[in-house]
Amino acid sequence: MKIYKTISGIIIEAYEKFYRSDAKNWDSFINQDNLYEFLTIEIQSLDEISWNYEGILTPISTQEIWASGVTYMRSREARMDESKESGGADFYAKVYEAERPELFFKSTAARCVGTGEKVRVRKDSKWNVPEPELTLFITSSGKIVGYTIGNDMSSRDIEGENPLYLPQAKSYDKAAAIGPCLYVPKEAINPDTMISIEIIRSEKVMFEGTISINRIKRKLTDLAQYLFREMSFPSGVYLMTGTGIVPDNNFTLLSGDVVNITIEGIGILSNEVE
Ligand code: DO4
Ligand code: MG
């Protein structure tokens, strides 16, 4: 099942039919450990509506967005390469193997955009890429109940100059995109699910890539457990799970580029660069 936050309320998609919930509070609606079972019962009392995917908002209200890093081999290689001059490469090699994952704060809801909105690159950076990432929704009790698509926009020259600059490379206005919906399957997401990205410039595909989420080095439940070790999230939290696709070093995003990220079963997150 899928849940959309829209300008006309919360819309549930189930078995190719749509239903509008009477609920008004996004936070309490999604922050339920039995979300799938709740939706199954909820749609029985709702009338089917016709809906054309118009008016979709970012599927977030007061939740924070956190992110995991260096969870795929491709990310390890790219970070080691970009930071070799600064002497930072070892840190990425070590964190890929370590028991404790890299977790970092990515965005507040106010700095994040949804599908159809513009993402940004920093003005003080010359090397920027999107990072297509499966993004978990974890309830306040620490249970993964849903998934969305995330774009962890990153300034590679800033993080490569010094790993201590990571927060500046990762967190700025409109550096995070999530959407288009919250996907709520009955069971955990299929590990063979594919993520793909295409970057369009002047109607030409400038870059494309695909990876299966089964190439991730860590268990999704372990990432969630580490995040909850010493922090609480009263309305639940979004957690990006890291990228397995990084364009070659000669690629940087430009204003007007369109980034389309697709995850099977969830949909497409599409954002133009401002
Ligand atoms: O440590 C740098 C960031 C890693 C990251 O964002 C990723 O692997 O997706
Ligand atoms: Mg990332």
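Anything mentioned here points back to the structure above.
Described in the following lines is the structure provided in the data block. Here the residue numbering is sequential within each chain, running from 1 through the sequence in written order. Note on labels: chains are lettered from A, ligands numbered from 1, in written order. Under the rules for a predicted model, residues below a pLDDT of 70 receive no local features and side-chain atom pairs below 80 are neither given nor counted, while totals for whole chains, interfaces and linings still include all residues. Heavy atoms throughout the structure, all of them, feed into the side-chain values; hydrogens and water do not.

1. Some thoughts on the overall build of the chain
Secondary structure counts use DSSP, requiring at least four H or I residues in a row for a helix and at least two E residues in a row for a strand, with both numbered from the N terminus. The number of helices and strands found in the chain is seven helices and 18 strands. At 18 Å, the chain has a C-alpha radius of gyration in line with the 19 Å of a compact globule built from 274 residues. By its C-alpha atoms, the chain is 60 × 45 × 30 Å across when sized along the principal axes. Three exposure classes are used, based on accessible area relative to the maximum for each residue type with a 1.4 Å probe and protein chains only: buried under 20%, partly exposed in between, and exposed over 50%. Counting all 274 residues of the chain, 55% fall into the buried class. Reported accessibility uses the Shrake-Rupley method at a 1.4 Å probe radius. Residues are deemed covered only where the shown protein chains occlude them. As displayed, the chain has an accessible area near 12700 Å², and 49% of this comes from carbon and sulfur atoms. Counted as positive: Lys and Arg. Counted as negative: Asp and Glu. His and the chain ends are not counted at all. By convention, charge coordinates are those of NZ in Lys, CZ in Arg, CG in Asp, or CD in Glu. Each charge class in the chain was averaged separately, 30 positive and 40 negative side chains, and the resulting centres sit 3 Å apart. We compute the radius of gyration over the C-alpha atoms and compare it with the globule rule, which gives 2.2 Å times the number of residues raised to the power 0.38.

2. Concerning the site of ligand 1
In the vicinity of ligand 1 lie 16 residues, with Val70, Ser75, Glu102, Lys170 and Thr243 positioned nearest. Between ligand 1 and valine 70 there is a distance of 2.8 Å, counted from an oxygen atom to a backbone nitrogen or oxygen. For the purposes of these results, a polar contact is taken to be a pair of N or O atoms within 3.5 Å, where, inside protein, one atom must be able to donate a hydrogen and its partner to accept one; residues adjacent in sequence count only when each atom of the pair is a side-chain atom. For ligand 1, an oxygen atom lies 3.4 Å from a polar atom in the side chain of arginine 79. For ligand 1, whose accessible area on its own is 280 Å², the fraction buried by protein is 100%. Mapped onto the shell around ligand 1, the elements with two or more residues apiece are strand S5 (65–69), helix H3 (73–82), strand S6 (102–107) and helix H6 (166–170). Residue composition of the shell around ligand 1, grouped by class: four nonpolar, five polar and seven charged. The cutoff for a nearby residue is simple: one of its non-hydrogen atoms must lie within 4 Å of the molecule or strand. Residue polarity follows a fixed list, in which Ala, Val, Leu, Ile, Met, Phe, Trp, Tyr, Cys and Pro are nonpolar, Asp, Glu, Lys and Arg are charged, and the others, Gly among them, are polar.

3. Some thoughts on the pairing of strand S10 (residues 132–138)
Counting buried positions along S10 yields seven of seven residues, so the element is predominantly enclosed. Across the two faces of S10 the burial is the same, with Pro132, Leu134, Leu136 and Ile138 and Glu133, Thr135 and Phe137 all buried. At least two bridges found by DSSP between two strands are what make those strands a pair. Both S10 and strand S11 (residues 144–152) contribute to a ladder of seven bridges, which runs antiparallel. By the bridge assignment, leucine 136 is partnered in S11 with tyrosine 147. Taking the residues between adjacent antiparallel strands as the criterion, S10 and S11 are bridged by five residues, where glycine 142 takes a positive phi near 95°. In this structure, S10 lies alongside strand S16 (residues 237–240), joined through four bridges in antiparallel fashion. Following the sheet pairing, leucine 136 is matched in S16 by leucine 239.

4. Overview of the environment of aspartate 222
Inspection of the secondary structure assignment puts aspartate 222 in helix H7 (residues 220–227). Spatially, the C-alpha atom of aspartate 222 lies 8.7 Å from that of proline 101, the residues being 121 residues apart in sequence.

5. A word on the nonpolar core
Across soluble globular proteins, you tend to see nonpolar side chains buried next to one another. Definition used in this section: a nonpolar core is a set of buried Ala, Val, Leu, Ile, Met, Phe, Trp, Tyr and Cys residues joined via side-chain atoms within 4.5 Å. Ranked by internal contacts, the top residues of the largest apolar core, which has 47 residues, are Leu134, Ile138, Tyr147, Leu220 and Ile266. In terms of residue count, the dominant contributor to this core is H7 (four residues). When residues are assigned to domains, this core turns out to be shared by domain 1 (2–49) and domain 2 (64–273), each giving three or more. Sequence-distant contacts of isoleucine 138, defined by excluding residues within four places in its chain, comprise Lys143, Ile144, Ala224, Leu227, Phe228, Gly236, Val237 and Leu239. Among the nonpolar cores identified, the runner-up in size contains 28 residues, and Leu35, Ile43, Ala67 and Cys112 belong to it. An automatic or database domain assignment supplies the start and end points of every domain. By definition, residues are in contact when any of their heavy atoms lie within 4.5 Å.

6. Describing the coordination of the magnesium ion (ligand 2)
In ideal tetrahedral geometry, four donors around a metal make angles of 109.5 degrees, whereas ideal octahedral geometry with six donors gives angles of 90 or 180 degrees. With distances of 2.0 to 2.1 Å, the protein atoms coordinating the magnesium ion (ligand 2) are Glu131 (OE), Glu133 (OE) and Asp152 (OD). Counted as donors are the N, O and S atoms within 2.8 Å of the metal, or 3.2 Å for Na, K and Ca, while water is not among the atoms, so some sites may look incomplete. Positions of the donor residues of the magnesium ion (ligand 2) along the chain correspond to the pattern E-x1-E-x18-D. In this pair, glutamate 133 is assigned in strand S10 and aspartate 152 in strand S11, connecting sequence segments 19 residues apart.

7. Some thoughts on the pairing of strand S2 (residues 9–14)
Most of S2 is tucked away, with five of its six residues classed as buried. Once strand S1 (residues 2–6) ends, the chain turns through two residues before running back antiparallel as S2. Here four bridges tie S2 to strand S3 (residues 17–20), and the two strands are oriented antiparallel to one another. Looking across to S3, one finds that glutamate 13 is bridged to phenylalanine 18.

8. Remarks on H7
Given 3.6 residues to a turn, an α-helix orients residues that are three or four positions apart in the same direction. When H7 is considered as a whole, its buried residues turn out to be Leu220, Leu223, Ala224, Tyr226 and Leu227. Looking straight down H7, one finds that the buried residues subtend no more than 165° of arc, so they occupy a single side. For H7, the elements touching its buried residues are S5, S6, S10, S11 and S16. Arc definition: it is the arc formed by the directions from the helix axis to the C-beta atoms.

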